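Remarks on the overall topology
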Amino acid sequence: MNTLSMLKGSFAISIAALCAVCCLLSPPLAIAQDEQADGSLRDRIKQRVVERREGQQDNEIDSAGALKIQKPGDYTRSLQHDGLARSYRIHVPKQYQASKSAPLVLAFHGGGGDMDYMAKDEYYGLISKSDAEGFVVVFPNGYSKFKSGKFATWNAGACCASARDNNIDEVGFVRKMIASLTRELNINRQMIFATGMSNGGMMSYRLACEMSDTITAIAAVAGTDNTIDCQPRKPVSILHIHATNDDRVLFNGGAGKKFRDESKVTDFISVPDSVKKWVTQNHCQSTPLQTLEKPGAYCEKYAQCKGGVAVQLCVTDTGGHSWPGGTKPRGSESPSQVISANDVMWDFFTSSHATNTLTHQTP
C-alpha cells in the first residue's frame with residue numbers, strides 16, 4: 001500500500017469516527033423535530049394527492065355536465081367531497097324538456113337507509129309524483145361505512161350515528177351536488193326544495209338553517225329539528241308532517257324505546273317545539289289557521305310570515321314512524337292513508353314559491 005492510499009484510509013476512518021461522535025452527542029429533540037418535519041411533509045403530500053383527486057373528479061363532473069341530460073329517465077352520479085365518494089340518484093320526469101327549467105326536490109332517506117330505498121316508488125311514491133308534476137327528484141346517499149352505501153345516516157346536528165360522530169360535511173356535499181345538477185339539467189333555481197324521512201327530515205331542517213340562500217322550502221316527515229346552530233340568511237317555508245303515535249321520534253319529544261342503541265340518536269326535540277322555533281324564526285303570526293280537518297288528520301298553517309314564507313304542521317292520528325300515503329315492507333303499523341305526504345308536500349312547495357315570488361315582485 002502506498003502513502004497516498006494510507007492517507008485516504010486514515011481520513012475516511014477519521015470522518016466516520018467524527019460522525020459517530022456527533023450522532024451520540026445530538027440531542028433527542030433534533031431527531032424528534034426531523035420526525036415531525038417528515039410527518040408534516042407526508043401530510044402535505046397526502047393533502048395534495050386528495051386535492052388533485054378532487055380536482056380531477058370535478059373536471060370529470062364538469063365534462064359530464066357539459067353534455068347535459070337531455071332525456072327523461074333514471075341516472076346515478078357520484079362525486080368526491082371532503083375525501084369521500086358521495087353518490088346520488090336522479091329521476092328526470094317524463095315531460096322534462098331541456099329548454100324549460102324544472103323544479104328540483106331533494107329527497108333524503110331515513111337513518112339506516114340509502115338512496116335506492118328512498119327511490120322505491122312502491123314505498124314512497126316520489127317517482128310517480130315527479131312524473132305527475134314535472135319536478136326532478138334526486139335521492140342523495142348519506143354517509144356509510146360500507147362501500148355499498150347501505151345503512152347510511154345524515155349528520156343533521158345532534159343526530160345521527162356515524163355521520164354525526166364523524167362530523168360529516170353534509171352541507172358541503174349538497175352544495176356540490178346541486179352545482180353539478182344545475183350543470184347537467186335545466187333547474188329552476190327559485191324552486192329547489194328538500195324533503196326527507198326521519199333522519200332525512202332532520203337533514204332537511206339543517207339545510208333550511210344553513211342553505212337558505214338555495215332552498216326555498218322544506219317538508220320534514222317524522223323527523224324534528226335537531227340542529228345545533230341555526231342562523232338562516234333569509235326565511236324558509238317549513239312543512240312538518242308527523243303522527244301523534246310515532247314510536248321512534250316521539251311527538252312530544254324524546255327517543256322511542258324501539259331504538260336499540262340510544263347513543264346513535266339523541267333526545268329528539270318535540271314537534272311543537274320545532275314548529276314554534278320556525279314560527280318565531282320566520283316572524284309568523286302566532287295563531288295558526290286550520291287548513292285541513294278530517295277524521296284521522298288535520299293541518300294548520302302559520303301565515304303572514306316574513307318574506308312571504310309559511311310554516312305548516314300536518315298531523316295524523318295513526319301511522320307511527322312512517323310516510324303518510326306510502327307503504328311499509330315491514331313494521332308494526334302501516335302508514336296513515338288519510339293524507340298523502342307527497343300531495344301535501346307538493347301543494348305546499350308550489351304555494352310557497354308562488355307567494356314568495358309575489359312578495360318579491362310587490363314594490
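Presented here is an overview of the structure given in this document. (Residues numbered from 1 in each chain as written. Predicted model: local features only at pLDDT ≥ 70, side-chain atom pairs only at ≥ 80, totals over all residues. Heavy atoms only, no water.)

Turning to the packing of helix α8 (residues 199-210) against helix α9 (residues 271-281), a few remarks are in order. Packing of α8 against α9 leaves a shortest axis separation of 13 Å and a crossing angle of 15 degrees. With respect to α9, the element α8 is oriented roughly parallel. Seen along the crossing, α8 lies across α9 with a hand that is left-handed. Of the residues in α9, those in contact with Tyr205, Ala208 and Cys209 of α8 are Ser274, Lys277 and Trp278. Looking at the contact of α8 with α9 residue by residue, the class counts come to 4 nonpolar, 1 polar and 1 charged. (Axes fitted to C-alpha atoms, helices over the stretch in contact; angles between N-to-C directions. Helix = DSSP H or I, 4+ residues; strand = E, 2+ residues; numbered from the N terminus. Parallel < 35°, antiparallel > 145°, perpendicular 65-115°, else oblique. Left-handed = near helix turned anticlockwise from the far one by under 90°. Contact = heavy atoms within 4.5 Å. Nonpolar A, V, L, I, M, F, W, Y, C, P; charged D, E, K, R; others polar.)

Time to look at unusual backbone geometry. That bond from Cys159 to Cys160 is cis: its omega, 20 degrees, falls within 30 degrees of zero. Relative to the helices and strands, Cys160 resides in the loop between β4 (136-140) and α6 (161-165). Even without being a glycine, Ala222 presents a positive backbone phi close to 60 degrees. By secondary structure assignment, the location of Ala222 is in the loop between β6 (217-221) and β7 (237-243). A relative accessible area of 2% means that Ala222 is categorised as buried. (Buried < 20%, exposed > 50% of the residue type's maximum accessible area, 1.4 Å probe, protein only.)

Moving on, we get to the packing of helix α7 (residues 170-184) against α8. With their axes 11 Å apart at the nearest point, α7 and α8 run at an angle of 80 degrees to one another. Accordingly, the angle class assigned to the pair α7 and α8 is roughly perpendicular. Contacts between α7 and α8 pair Glu170, Val171, Val174 and Arg175 from the former with Met203, Arg206, Leu207 and Glu210 from the latter. Broken down by class, the residue content of the contact of α7 with α8 amounts to 4 nonpolar, no polar and 4 charged.

What follows covers the sheet that holds β6. Either a parallel or an antiparallel arrangement is found when strands of a sheet pair, and the pairing is made through backbone hydrogen bonds. Pairing is mixed across the open sheet formed by 10 strands, whose spatial order is β1-β2-β4-β3-β5-β6-β7-β10-β9-β8. Edge positions in the open sheet fall to β1 (73-81) and β8 (289-294), since each of these has one partner strand only. Neighbour-to-neighbour, the strand axes of this sheet turn through a mean angle of 15 degrees, independent of strand direction. Note: strand β3 (residues 102-108) against β4, 3 bridges, orientation parallel. In the sheet register, Leu104 faces β4, and the bridge partner there is Val136. Where α8 meets the sheet, its contacts fall on β3, β5 (187-197), β6 and β7, and the angle it forms with β5 comes to roughly 140 degrees. (Pairing = 2+ DSSP bridges.)

That is the geometry; function is a separate question.
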